[in-house]
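The primary structure of each chain is shown beneath.
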Amino acid sequence: MKKTVLKILILTLILVSCRQNNKSESQARELTQIEITDEFKLEFLTQILSDSSKSRLLFDKRELISNLPAIVPPQLPIDPNNPSRTISHFEFISDTLKINDIDFVRKQFRKNKDFDISTLEKNGFKVIDVEKYRENEIQWDSINKIAEKYYEENKMIDFYSFLHITKPIFNKELNLAYVRFRPGSGGMIRIYEKQNGIWQMKYEFDEWIE
């Protein structure tokens, strides 16, 4: 009798272990199967930058967009498991988009390093090559003057700065996106939702002013 019970216990443990392994393998396959292409990111940015509603980011398609976002870090909440520190930015995005998968967010950050915001120019937007200027150690004051000269030459009154925008992070269903903006001396985080093929702002938070 004891041997029978022991065999049943061993078989149960093996079954549970197999299920957990299968679950882990399934999650790993799911992670690799979700492909977020540069074309998908470009289409997303093109849509939200073309928005003409009251939540619009650009008032003229000739406005300059920086290819190197300079944005202060977001206000991160306290880690409930360790009150002496905040949660990571990866965890914050995972929670905000209800992904519950920090590795999925990390993977997007790695992939985004190869995504060039300057490709927006293919869709008629104007991108200022801040990345090149900074690599050449040109100071921000000088870059701002380059932008001011551009607006003056194009007779764009009341325009003086350029839009900073982070590369988007998506949920697994690819219908929610997390993006941070700095349109002037302040900025915010926005969550966009895709409905009927159109990206629309769902809500905005963490607004700040320098």
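Data block above holds the structure.
Criteria and cut-off values
Here, residues in each chain are numbered from 1, in the same order as that chain's written sequence. Totals for whole chains, interfaces and linings use all residues, but because this is a predicted model, local features are given only for residues with pLDDT of at least 70 and pairs of side-chain atoms are given and counted only at 80 or more. Hydrogens and water molecules were not included; the side-chain quantities draw on all heavy atoms of the structure. We call a residue buried when its accessible area falls under 20% of the maximum for its residue type, exposed when it is over 50%, and partly exposed in between, using a 1.4 Å probe and counting protein chains only. The helix and strand labels rest on DSSP assignments: H or I over at least four residues marks a helix, E over at least two residues marks a strand, and numbering proceeds from the N terminus. Two strands pair if DSSP finds at least two bridges between them. To estimate the expected span of a helix, subtract one from its residue number and multiply by 1.5 Å.

Participant: Which parts of the structure should I look at to understand the pairing of strand 7 (residues 176-182)?
Facilitator: Remark: a regular strand shows side chains that alternate across the two faces of the sheet. When you tally the buried positions in strand 7, you get 7 out of 7 residues, the bulk of the element. Burial of the side chains of strand 7 extends over both faces: Leu 176, Tyr 178, Arg 180 and Arg 182 are buried on one face and Ala 177, Val 179 and Phe 181 on the other. Sheet topology places strand 5 (residues 164-165) next to strand 7; 2 bridges connect them, and they run antiparallel. Looking across to strand 7, one finds that Ile 165 is bridged to Phe 181. Across 2 bridges, the pairing between strand 6 (residues 169-170) and strand 7 is antiparallel. Within strand 7, the residue paired with Phe 170 across the bridge is Ala 177. Between strand 6 and strand 7, which pair antiparallel and follow one another directly, the connecting turn spans 5 residues, one of which, Leu 174, has a positive phi of 60°. In this structure, strand 7 lies alongside strand 8 (residues 186-195), joined through 6 bridges in antiparallel fashion. Paired with Arg 180 across the two strands is Ile 189, which belongs to strand 8. The loop that links strand 7 with its antiparallel partner strand 8 comprises 3 residues.

Participant: Can you walk me through helix 2 (residues 38-49) in this structure?
Facilitator: Along an α-helix, residues three or four apart share an orientation, since each turn contains 3.6 residues. Helix length check: helix 2, at 12 residues, gives a terminal C-alpha distance of 16 Å against a target of 16 Å (1.5 Å per residue), a fit within 8%. Counting buried residues along helix 2, 9 of its 12 residues qualify, which places the element largely inside the surrounding structure. Buried residues of helix 2: Phe 40, Lys 41, Leu 42, Phe 44, Leu 45, Thr 46, Gln 47, Ile 48 and Leu 49, and no others.

Participant: Just to check I follow, could you spell out unusual backbone geometry for this structure?
Facilitator: Peptide bonds are mostly trans, and most non-glycine residues show a negative phi. Notably, Lys 98 is not glycine yet its phi reads approximately 55°, a positive angle. Examined against the element boundaries, Lys 98 turns out to sit in the loop between helix 3 (89-96) and helix 4 (102-112). Residue classification places Lys 98 among the exposed positions, given a relative accessible area of 68%. Positive phi outside glycine occurs at Asp 158, with the angle close to 70°. You can see Asp 158 is positioned in the loop between helix 6 (140-153) and strand 5.

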